[in-house]
Amino acid sequence: MSTPDENPVIGPRALARAEWSAFRSGRGRMAALLVAALAVIALAVLPALSTHGSCSEGPVEVPCPTDPLDPDGRPVADLFSFAHRPLTGDGSLTVRLTSMTGTITYPPPDHDEIVSGVVPWAKTGIIIKDGLGQGSSYAALLMTGAHGVRMQHDYTHDTAGRPGGVSPQSPRWLRLTRAGDTITGEESAGGTSWTPVGTIRLAGLPETVQIGLFATSPGDLTLAPVGLGGSIGQVRFTQAVGSFDNVTTAGGVAAGPWRADTVGELGHTDWEKFHRAPGLVEQGGTLTVTGSGDIGPVGTEGGRTSKDTLVGLFVAVIILIVTAARFAASRTSAGAAPGGRQLAARALVLGGAVFATGLAAVAVAVPLGTKLLRDGGITVVSAGPLTELRVIVGTAVLLALVAVLALALGVLLRRAWLAVTVLLAGLVLPYLLVVVPLLPDAVADWLLRLTPAAGFAVLQTLTAYPQVTMHYAPYAGYFPLPWWAGLAVTGAFAALALGFALRRAPDRPDASPVDWR
């Protein structure tokens, strides 16, 4: 029977130092971390250096158009037909909307096919806006194609009013009232009894703004099949037409004719040129406004995101999986499999080294890659400094979790190559299948909920807005889980695997060796 002096208990710090020394002295481990970090940085920088955005008008190269920015600096859509007058100080605009119609144009080869109707988020109604500049602050009370009356302001805010449609037999009365910085929207079925839809405050609204009637209509989204049941979005040109009568103003709204303008450029499509031009038609007390476009936030069509600078993440993940699985197979100094306490120290050392390396690499790759893309004329959708910081730190955490998971699988499966194969199939392959895209959306969503690949949700910086027509799929940068939940799923896999590995590890460092090849 051994005595305490013959087999002393090594403290946690001493174990961690010993495992760190073993990690550093191991064949190629530090080099593997360096290569993984360089892959992340290089594959952010090199593609950005070779990417250049250019546009032309005939043989002449011109600056590419960019999305306007809202008062908070976010890229937005702001394109519509506007019949307006100046409003100085307080005042109101009341209208009766009698019809909302529109058209949907099929692209080639079916471009001659025109369908009557409006898309679900086509909009027509009344609006108060800080001038005619794109991206300026606004508040609008509007009718939609399929979502009833809404009050929207400053691109991302949306409040529902009464559902239903509009027709000459069932018109909708709309009223916008300004009192200082406060805008109130009301609706009515008959123009006598009014129901509030919303009251909002537009901070910093100038004394004189523009008030009037508008129409806009986003593209009609259709899904084209690709791959093994996957789909990609295609957009068709649409128009919306709103007809108004009983148009009355009060307060500081200027008198005189309504001025017809477009916010942004409209009228360039063949349909607009040869069929129905955007703008305003006044006849017999009825004002008819025709327009296309949208007013709201934009998604990936507004440019790239920080996720696009992290292509090298997959190379780094593969390197780290192989390195961690081989580290699991390394013997202790006594020539035996690591004991439970040694394995815990090994996981701590590995996770910490990978986190530090990943944090340094991603902290260089994201801002540098983003800057080079912008310098090349590519629009990069900014998510704000706090979100970018979350992506950087979260990606480093994800890499550390993947390394610990590979280590634990190496211990459980006792074959480094088998652990690598299992983790590539359960982590890398699911993500590659859904971002290409190859699989149906429902399958892709479940893969990113139930596999370790869920942690890639930490790369998401885009927000899904129900009032914006988009294909909200992983390939477009939209994940089924929020970033923290996805990271928690990957963390749960790592914790579960490590827990089983600790239970399976021998109790003593000098226990009988096993076949770790």
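What this report covers is the structure whose coordinates are included nearby.

So, how was this worked out
Residues numbered from 1 in each chain as written. Predicted model: local features only at pLDDT ≥ 70, side-chain atom pairs only at ≥ 80, totals over all residues. Heavy atoms only, no water. Phe/Tyr/Trp six-rings, centres within 6.5 Å; stacked < 30°, edge-to-face > 60°. Helix = DSSP H or I, 4+ residues; strand = E, 2+ residues; numbered from the N terminus. Buried < 20%, exposed > 50% of the residue type's maximum accessible area, 1.4 Å probe, protein only. Contact = heavy atoms within 4.5 Å. Salt bridge = Lys/Arg side-chain N within 4 Å of Asp/Glu carboxyl O. 1 Å grid on protein atoms, 1.4 Å probe; cavity = no way out; pocket = protein on both sides within 12 Å on 5 of 7 lines; lining within 4 Å. Points joined across faces, edges and corners; volume = space filled by probe spheres on them. Nonpolar A, V, L, I, M, F, W, Y, C, P; charged D, E, K, R; others polar. Expected span 1.5 Å × (residues − 1). Pairing = 2+ DSSP bridges. Axes fitted to C-alpha atoms, helices over the stretch in contact; angles between N-to-C directions. Parallel < 35°, antiparallel > 145°, perpendicular 65-115°, else oblique. Left-handed = near helix turned anticlockwise from the far one by under 90°.

### Description of the packing of aromatic side chains
Stage number 1. Enumeration according to the criterion identifies ten aromatic pairs in this entry.
Stage number 2. Measuring from ring centre to ring centre gives 5.7 Å for phenylalanine 314 and phenylalanine 456, while their planes differ by 35°; the resulting arrangement is tilted. Taken together, the residues phenylalanine 314 in helix α4 (residues 313-329) and phenylalanine 456 in the loop between α8 (441-450) and α9 (483-504) connect sequence positions 142 residues apart.
Stage number 3. A centroid spacing of 6.2 Å and a plane angle of 10° characterise the contact between tyrosine 431 and phenylalanine 479, whose relative ring orientation is stacked. Within this pair, whereas tyrosine 431 is found in helix α7 (residues 416-435), its partner phenylalanine 479 is found in the loop between α8 and α9, the two being separated by 48 residues in sequence.
Stage number 4. A relative accessible area of 2% places tyrosine 431 in the buried class.
Stage number 5. For phenylalanine 479, a relative accessible area of 10% gives the class buried.

### Side note on the side chain of serine 231
Stage number 1. You can see serine 231 is positioned in strand β15 (residues 230-236).
Stage number 2. Under the relative-accessibility criterion, serine 231 is labelled buried at 11%.
Stage number 3. Beyond its immediate stretch of four places on either side in the chain, serine 231 contacts Leu223, Ala224, Pro225, Val226, Pro437, Asp441, His471 and Tyr475.

### A word on the pattern of salt bridges
Stage number 1. Going through the model one piece at a time under the given rule, you end up with 14 salt bridges.
Stage number 2. Here aspartate 70 ties to arginine 74 by a salt bridge, and the two come within 2.7 Å at their closest N and O atoms.
Stage number 3. Exposure remark for aspartate 70: the relative accessible area of 6% places this residue in the buried category.
Stage number 4. Salt bridges linked by common partners bring Asp70, Asp72 and Arg74 together as one network.

### A few points about unusual backbone geometry
Stage number 1. Note the cis peptide between valine 436 and proline 437, where omega equals 0°.
Stage number 2. Tracing the sequence through the fold places proline 437 in the loop between α7 and α8.
Stage number 3. The residue tyrosine 155 is not glycine, and still its phi comes out positive at about 75°.
Stage number 4. Topologically, tyrosine 155 is positioned in the loop between β8 (149-153) and β9 (157-160).
Stage number 5. Positive phi is not limited to glycine here, since asparagine 246 has a value of about 50°.
Stage number 6. Relative to the helices and strands, asparagine 246 is located in strand β16 (residues 238-253).

### Focus: empty space enclosed by the protein
Stage number 1. Counting across every chain of the model gives three cavities of 30 Å³ or more.
Stage number 2. Lining the largest cavity, in full, are Leu33, Ala36, Ala37, Val40, Ala316, Leu320, Val354, Thr357, Gly358, Ala361 and Leu399.
Stage number 3. Elements with a contribution of two residues or more to the lining of the largest cavity: α2 (29-49), α4 and α5 (340-375).
Stage number 4. Looking at the lining of the largest cavity, its residues break down into nine nonpolar, two polar and no charged.

### Focus: α2
Stage number 1. Between its first and last C-alpha atoms α2 spans 30 Å; for 21 residues at 1.5 Å apiece the expected length is 30 Å, and the two agree.
Stage number 2. Taken together, the buried positions of α2 are Arg29, Ala32, Leu33, Ala36, Ala37, Ala39, Val40, Ala44, Val45 and Ala48.
Stage number 3. The inward-facing, buried residues of α2 abut α1 (12-25), α4 and α5.

### Here we look at α7
Stage number 1. For α7, with 20 residues, the first-to-last C-alpha span of 28 Å sits near the 28 Å given by 1.5 Å per residue.
Stage number 2. Against α4, α6 (385-413) and α8 lie the buried residues of α7.

### Observations regarding the pairing of strand β7 (residues 138-144)
Stage number 1. Within β7, seven of the seven residues are buried, which leaves the element mostly enclosed by the surrounding structure.
Stage number 2. On β7, burial covers both faces: Tyr138, Ala140, Leu142 and Thr144 on one face and Ala139, Leu141 and Met143 on the other are all buried.
Stage number 3. Strand direction decides the pairing type here: β7 and β8, joined by five bridges, are antiparallel. Considered in β8, the bridge of leucine 142 is made with arginine 150.
Stage number 4. Where β7 hands over to β8, the hairpin turn is made up of four residues, of which glycine 148 adopts a positive phi near 65°.

### Structural notes on the packing of α4 against α5
Stage number 1. Interaxial distance between α4 and α5 falls to 11 Å at its minimum, and their mutual angle equals 160°. What the angle tells us is that α4 and α5 run roughly antiparallel. Here the hand of the crossing between α4 and α5 comes out right-handed. Contacts between α4 and α5 involve Leu320, Ala324, Phe327 and Ala328 from the former and Arg346, Leu350 and Val354 from the latter.
Stage number 2. Taken together, the residues of the contact of α4 with α5 break down into six nonpolar, no polar and one charged.

### With respect to the packing of α2 against α5
Stage number 1. The N-to-C vectors of α2 and α5 enclose an angle of 10°; their axes lie 8 Å apart at closest approach. On the basis of the axis angle, α2 is roughly parallel to α5. Here Leu33, Ala37, Val40, Ile41, Ala44, Val45, Ala48 and Leu49 of α2 come into contact with α5, specifically with Ala353, Val354, Thr357, Ala361, Val362, Val364, Ala365, Leu368, Gly369, Leu372 and Leu373.
Stage number 2. Its residues assigned to classes, the contact of α2 with α5 shows 17 nonpolar, two polar and no charged.

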